[in-house]
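Summary of the model geometry
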Amino acid sequence: MNYLLVAPTLSAPTLDTVKELSSKVFTKIEKLLKKFGQEGCVVKISVLRDGNSYKVNVELLNHNLYKPFIAFRDSDLRRAIGMSAVKLKAQLLNLHNKNK
């Protein structure tokens with residue numbers, strides 16, 4: 001699984017943290033996609049700093065059946081990315097169960 005990170009408002013140390021955290025947090029998503037036979041997907045992570053909070057958008061590209069999208073806003077960037085991964089996993093499971 002590949003990652004596409006779009007974060008024009010973040011500086012270098014914060015951007016590196018986002019890259020490291022994303023590779024750790026989205027491993028469960030990668031395993032789930034392999035289980036569903038959906039390899040080669042791209043996770044697009046967009047991070048915008050808006051005042052005292054961060055807006056994180058996560059989109060799954062190159063998926064055969066659907067195009068999941070998650071938007072989450074929080075003052076803690078790590079929590080926003082973590083919760084986005086949790087919500088994406090739940091959405092994938094829900095959509096997969098509906099298509100059975």
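Below, the structure is looked at part by part. Bear in mind that the values here come from a model prediction, so they are computed numbers and not experimental data.

Below, the discussion takes up the overall build of the chain. Scanning the chain for helices and strands turns up three helices and four strands. In sequence order, the chain lays out its α and β elements as β-α-α-β-β-β-α. The globule rule puts the C-alpha radius of gyration for 100 residues at 13 Å, and the 13 Å found for the chain is close to it. Along the three orthogonal principal directions, the C-alpha set of the chain runs to about 40 × 20 × 20 Å. Relative to its full complement of 100 residues, the chain shows a buried share of 39%. Counting contacts in the chain only where the partners sit at least 6 residues apart, residues at least 24 apart contribute 49% of the total. Per element, the accessible surface of the chain, about 6000 Å² overall, is 49% carbon and sulfur. One way to put it: in the chain the 17 positive side-chain charges average out to a point 6 Å from where the 8 negative ones average out.

Turning next to the pairing of strand β3 (residues 53–61). Along β3, eight of the nine residues are buried, which leaves the element largely enclosed by surrounding structure. Bridge count between strand β2 (residues 42–50) and β3: nine bridges; the pairing is antiparallel. From the neighbouring strand, V47 faces β3, where its bridge partner is V56. Here β2 folds back onto β3, and the loop between the two strands holds two residues, one of which, G51, carries a positive phi near 70°.

Calculation rules
Residue positions are counted from 1 within each chain, in the order its sequence is given. Local features in this predicted model are restricted to residues whose pLDDT is 70 or higher, and side-chain atom pairs enter the listing and the counts only when it is 80 or higher, whereas totals over whole chains, interfaces and linings include all residues. With hydrogens and water set aside, each side-chain value is computed from the structure's full complement of heavy atoms. Only DSSP runs of H or I with at least four residues qualify as helices, and only runs of E with at least two residues qualify as strands; both kinds are numbered from the N terminus onward. Radius of gyration: over C-alpha atoms. The globule rule applied is 2.2 Å multiplied by the number of residues raised to the 0.38 power. Exposed residues in this analysis have more than 50% of their type's maximum accessible area, buried residues have under 20%, and partly exposed residues fall in between, with area computed by a 1.4 Å probe over protein chains only. Contacts were defined at the residue level, with two residues in contact if any of their heavy atoms lie within 4.5 Å. In these tables, accessible area is a Shrake-Rupley quantity obtained with a 1.4 Å probe, and a residue counts as shielded only by the protein chains included in the view. Here the positive residues are Lys and Arg and the negative ones are Asp and Glu; neither His nor the chain ends is included. Lys charges are placed at NZ, Arg charges at CZ, Asp charges at CG and Glu charges at CD. The rule for pairing is simple: two strands pair if DSSP sees at least two bridges between them.

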